[in-house]
Amino acid sequence: MSNVNMEATTILPVLKKKLAFLSGGKDRRSGLILTIPLCSDQTSMEELSATLDYLLSIPSEKCKARGFTVIVDGRKSQWNTVKTVVLMLQNVIPAEVSLVCVVKPDEFWDKKVTHFCFWKEKDRLGFEVILVSANKLTRYIEPCQLTDDFGGSLDYDHSDWLNKRLVFEKFTKESTSLLDELSIINESDKSSTVDKDKSADCTLLPSFDPETVLQTGHELLSELQQRRFNGSEGGGGGQGGPAWCPMEEELLAQPQVMKLLDSLREQYTRYQELCRQRNKRTQLDEIHAKVMQVVTWLQGPGSELLKTQQEIGDSMRAAQALQQKHEEIESQHSEWFAVYVELNQQIAALLSAGEEEEVVELKALQQQLSDVCYRQAAQLEGRQNVLQAAQGFHSTTQELSQQLDGLLGMLCADVAPADGASIQQNLKLLEEKLQTVEAGLSSLRQKGAMLLEQMCSQPSWSLEETESPAGEQQDNVQHIQAVMEEMQLRKQRCEDMVDVRRLKMLQMVQLFKCEEDALQAVEWLGELLDALLKTHVRLGDDNQETRTMLDKHRKFVDVAQSTYDYGRQLLQATVVLCQSLRCTTRSSGDTLPRLNRVWKQFTVSTEERQQRLELALNFHTAAEKVLQQECVDMESLDDVDSTGKALLDRLTLPVIFPDGSEQYFGSPSETAAAAEGVRERLLLVEERRLQLQEARLHNEEEEEEEEVLNGQEARLDVIGEELSEKEDQDEEEEEEEEEAGQQDEDLERATQDC
């Protein structure tokens, strides 16, 4: 029968029944002894067959060639069962069986029958079967090779053997599987350097722990070397035969375990070296990843933080806020610099024990990390220097501004010196403050130059990382220059104000002159208002004349506006001079109200005059248009008529001033003359209307024409009567104006006499 690879775990319940076992004993031919202990219970032939198959798979082919001696213990069984077992051996164990010893009970079986039956089947069975009592079994087998069941001295513990067997098979299975896995891992790593990192994740860890498997193997080997696995302590019997080591020589357990241990140690050593290399590679990769993480942050977010902090602030408070923000950025960088120090130490440790290829890579990483960190540290230091210089600049600016404010406050204070000594004292104090301001401005220029130098000497960003921040730097430079220029301008203004204080007496003279000129401007506006109301009455006889009068009126208004502006400027100058001199004028208090009152009256009058001229211009323009055109619609005539009547009505209205008083333009005769021109133009328009109506009614009946003509004549009569009444009224107004003019002349003569 060939060797069949079976496992005890598959038939463990059957093996525990001890249906058959190999005790480790041998017959005189060095053949293994197979014991089949039959019991009174019914023995399952299938389970017995499975047990025999498993037991016969353990010895080597060399052991099987020496043949087996089978002991069938039938003392507790029936003859038919024994006979069945003996016949079954022919199928289970082929030609390897050399002798079958059937242990019979004393005086129980018919010796003649049993002997005759086995003798009869001898040729067919192929092996010899003998019936023997237990006490006579030593005739065929040495007592030292028999267990105590048959009066021998061979120790055999089936449970211990089964446990050891399970351990052996487990070790064999795990070690074989582990060897295959380790071999695959080692060979795959050796064969391909490209895929080793990919396969490391899935094959680097074997299914079994090598240390545990090795420990199990060593314990098993120790047991085998002590001959406690499937055998005794040795000894060849009472005749002093050779020492037996059945598991080593017959069952091949110890050599197999030793071979597996040797192979496992070899593969495990290679595997450990592989793991060491991979761990080293992993460590290098981790260092590389951390280095790149530091470099990426410093060149990315860290650099962006610094790039966005290019301002220097516009005040001391703003500079302090920028300094606080910079300290926060430095704190963030400090964490990464700590990582840099740690990585540098790790790289230094690896450089001392690294290989040449690794040393080159580590030095490159170390150099890259150092360059980036030092460059970033230089940027931080440069930014810190700029902020410190900016704080000094803003501090000096603040002090200078306070000094200028103090000087300006002194210049703007209401000073009324009582004598020359107090004036000299004030001037001396002004000079001292002015010198302090000059010293502060000089210090500000020095601080500004230092700040500009720090900004220019700040390390620049590489072109690969960012564009040049020239725009932001230019803004900072312009801000610094603007601050210094502003301080210079403020100082210059203070110096000018000091000069003004020196020229205070000249300002007094100028004040009196401004007061006189302002009064003169009020008189001029009054004269212009009188001229406007008395002489600007005519509206023009046609479009061209009215347009010319409108242009002259606008120029007249411009002259008055200039006069009023001049008066306002004089009064404003008077106020400024009074504030500068800290005194009040004698007449400026009521001059401005007078000027404003006259100007308001003049403004109302000019607006009324302009509206009349514009209305007259529209009237003449429309009238000339309807008179010159051949085809005119009635709506145009009605518009001219309504415009003319509105103009006549407006001529009769007075000018109402803001204080409620009223004043008419010119004399009544002049107003009547202006209205007469409008009425004449209205008559021409009405005649034009009649002509158009006559042309339209030419084809109508004569009676209708007579009625229309009669109506028109009646209307003309009414208009003539109105004109006559208006002329009479105008003559009366002229007489009244002549009387009023005579009274004005008398008043002027009286004024001149006074």
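Every value quoted in this text rests on a predicted model; they were computed, and no experiment measured them. (Residues numbered from 1 in each chain as written. Predicted model: local features only at pLDDT ≥ 70, side-chain atom pairs only at ≥ 80, totals over all residues. Heavy atoms only, no water.)

### Notes on the overall build of the chain
Scanning the chain for helices and strands turns up 21 helices and seven strands. Per-residue burial over the chain gives 41% buried out of 754 residues. When contacts within the chain are restricted to residue pairs at least 6 apart in sequence, those whose partners lie at least 24 apart make up 82%. For the chain, the accessible area works out to roughly 42,300 Å², and carbon and sulfur atoms hold 50% of it. (Helix = DSSP H or I, 4+ residues; strand = E, 2+ residues; numbered from the N terminus. Buried < 20%, exposed > 50% of the residue type's maximum accessible area, 1.4 Å probe, protein only. Contact = heavy atoms within 4.5 Å. Areas by Shrake-Rupley, 256 points an atom, 1.4 Å probe, with all protein chains shown as cover.)

### Some thoughts on the pairing of strand S1 (residues 21-26)
The element S1 is extensively covered by neighbouring structure, given that six of its six residues are classed as buried. Here S1 runs beside strand S2 (residues 32-37); their pairing, made up of three bridges, is antiparallel. Residue pairing in the sheet places Leu 22 in a bridge with Leu 34 of S2. In sequence, S1 turns back onto S2 through a hairpin of five residues, with Ser 30 there showing a positive phi of about 70 degrees. (Pairing = 2+ DSSP bridges.)

### Considering the packing of aromatic side chains
For the coordinates displayed, the defined rule picks out four aromatic pairs. An angle of 40 degrees between the planes, with centres 5.8 Å apart, marks the rings of Phe 556 and Phe 602 as tilted. Pair noted here: Phe 556 is in helix H17 (residues 543-581) and Phe 602 is in helix H18 (residues 588-628), with a separation of 46 residues, a long-range link. For Phe 602, a relative accessible area of 0% puts it in the buried group. Between Trp 599 and Phe 602, the aromatic rings sit 5.7 Å apart at their centres with planes inclined by 20 degrees, giving stacked as the arrangement. Here Trp 599 and its partner Phe 602 are both found in helix H18, three residues apart, which amounts to about one turn of the helix. Neither Trp 599 nor Phe 602 differs from the other in exposure class; each is buried. Grouped by ring-pair contacts, the aromatic residues Phe 556, Tyr 564, Trp 599 and Phe 602 constitute a single cluster. Across from the ring centre of Phe 21, 4.9 Å away, lies the NZ or CZ of Lys 18, which sits over that ring. (Phe/Tyr/Trp six-rings, centres within 6.5 Å; stacked < 30°, edge-to-face > 60°. Lys NZ or Arg CZ within 6 Å of the ring centre and 35° of its normal.)

### Thoughts on the pattern of salt bridges
The final tally for this structure, using the stated rule, is 14 salt bridges. With its nearest N and O atoms 3.9 Å apart, the salt bridge here joins Glu 624 to Arg 681. Note that Glu 624 is positioned in helix H18 and Arg 681 in helix H20 (residues 668-696), a separation of 57 residues in sequence. (Salt bridge = Lys/Arg side-chain N within 4 Å of Asp/Glu carboxyl O.)

### Things to note about the packing of helix H2 (residues 45-56) against helix H4 (residues 79-92)
Their axes nearest at 11 Å, the elements H2 and H4 cross at an angle of 45 degrees. As far as their axial angle goes, H4 and H2 are oblique. In this structure, H2 meets H4 at a crossing whose hand is right-handed. Residue-level inspection shows Met 45, Leu 48, Ser 49, Leu 52, Asp 53 and Leu 56 of H2 in contact with H4, the latter providing Thr 84, Val 85, Met 88, Leu 89 and Val 92. Classifying every residue of the contact of H2 with H4 by side-chain character gives eight nonpolar, two polar and one charged. (Axes fitted to C-alpha atoms, helices over the stretch in contact; angles between N-to-C directions. Parallel < 35°, antiparallel > 145°, perpendicular 65-115°, else oblique. Left-handed = near helix turned anticlockwise from the far one by under 90°. Nonpolar A, V, L, I, M, F, W, Y, C, P; charged D, E, K, R; others polar.)

### A word on helix H19 (residues 634-651)
Given a rise of 1.5 Å per residue, 18 residues ought to cover 26 Å, and the 26 Å separating the end C-alpha atoms of H19 matches this to within 8%. Taken together, the buried positions of H19 are occupied by Leu 637, Val 640, Asp 641, Thr 643, Gly 644, Leu 647, Leu 648 and Leu 651. Each buried residue of H19 sits inside an arc of 165 degrees when the element is viewed along its axis, so together they form one side. Residues of H19 that are exposed and angled more than 90 degrees away from the buried face: Glu 635 and Asp 649. (Expected span 1.5 Å × (residues − 1). Arc of directions from axis to C-beta.)

### Things to note about H2
An ideal rise of 1.5 Å per residue puts 16 Å on twelve residues; H2 measures up with 16 Å between its terminal C-alpha atoms. All buried positions along H2 are accounted for by Leu 48, Ser 49, Thr 51, Leu 52, Tyr 54, Leu 55 and Leu 56.

### Looking at the sheet that holds strand S3 (residues 68-73)
With respect to topology, five strands assemble into an open sheet ordered S1-S2-S3-S4-S5, the strand pairing being mixed. What marks the edges here is a single partner per strand, and that holds for S1 and strand S5 (128-132). Within the sheet, the average angular offset between the axes of one strand and its neighbour, ignoring direction, is 25 degrees. Bridge analysis of S3 against strand S4 (residues 97-103) gives six bridges, and the strand direction is parallel.

### Here's the deal with unusual backbone geometry
Of note, the phi angle at Lys 18 is positive, near 55 degrees, even though the residue is not glycine. Among the secondary structure elements, Lys 18 is positioned in the loop between helix H1 (12-16) and S1. Of note in the backbone geometry, Ser 30 takes a positive phi value of approximately 70 degrees without being a glycine. Secondary-structure assignment places Ser 30 in the loop between S1 and S2.

### What about the side chain of Ser 667?
Relative to the assigned elements, Ser 667 resides in the loop between strand S7 (662-663) and H20. Classification of Ser 667 by relative accessible area gives buried; the value is 14%. Engagement of the side chain of Ser 667 in a polar contact is seen with the side chain of Ser 669, the distance being 3.0 Å. (Polar contact = N/O pair within 3.5 Å; in protein donor to acceptor, adjacent residues only side chain to side chain.)

### A short note on the nonpolar core
Ile 36, Leu 52, Val 70, Val 72, Ile 93 and Val 100 are the most contacted members of the largest nonpolar core, which has 39 residues in total. The set of elements that each furnish at least two residues to this core consists of H1, S1, S2, H2, S3, H4, S4 and helix H7 (158-191). The element that contributes the greatest number of residues to this core is H4, accounting for seven residues. Filtering out sequence-adjacent residues up to four positions away, Val 72 remains in contact with Ile 36, Leu 38, Val 82, Val 85, Val 100, Cys 101, Val 102 and Val 103. (Core = buried A, V, L, I, M, F, W, Y, C linked by side-chain atoms within 4.5 Å.)

### Section: the packing of H19 against H20
Where H19 contacts H20, the two axes come as close as 10 Å, and the packing angle between them is 165 degrees. Looking at the two axes, H19 sits roughly antiparallel to H20. Along this stretch, H19 crosses H20, giving a crossing that reads as left-handed. Residues Met 634, Leu 637, Asp 638, Val 640, Asp 641, Gly 644, Leu 647, Leu 648 and Leu 651 of H19 touch H20, and the partners they reach there are Thr 671, Ala 674, Ala 675, Val 678, Arg 679, Leu 682, Val 685, Arg 688, Arg 689, Leu 692, Gln 693 and Arg 696. The residue makeup of the contact of H19 with H20, split by class, is twelve nonpolar, three polar and six charged.

### Considerations on the environment of Ala 319
The topology assignment puts Ala 319 in helix H12 (residues 316-353). According to the relative accessible area criterion, Ala 319 is buried, its value standing at 0%. Between the C-alpha atoms of Ala 319 and Gln 388, which are 69 residues apart in sequence, the distance is 8.7 Å. If we ignore the near neighbours within four places in the chain, the residues touching Ala 319 are Ile 312, Gln 391 and His 394.

### Remarks on the pairing of S4
Among the seven residues in S4, six count as buried, and that is most of the element. Here S4 pairs with S5 via five bridges, running parallel. In the strand pairing of S5, Val 102 is matched with Leu 131.

### Some points on the side chain of Asn 543
Its place among the elements puts Asn 543 in helix H17. Since its relative accessible area comes to 15%, Asn 543 is described here as buried. Excluding anything up to four places from it in sequence, Asn 543 contacts Leu 617, His 620, Thr 621 and Glu 624.

### Some thoughts on the confidence of the model for the chain
Per-residue pLDDT for the chain averages 75, and the proportion of residues at 70 or more is 79%. Here helix H10 (residues 246-249) stands out as the element of the chain with the lowest mean pLDDT, 41, in contrast to S2, whose mean of 88 is the highest. Predicted confidence is poor over residues 192-203, with pLDDT under 50, and the contacts of this stretch with residues over four places away or in other chains come to six contacts. Of the regions scoring below 50 in pLDDT, residues 463-468 engages in five contacts with residues more than four places distant in sequence or in other chains. (pLDDT = per-residue confidence, 0-100.)

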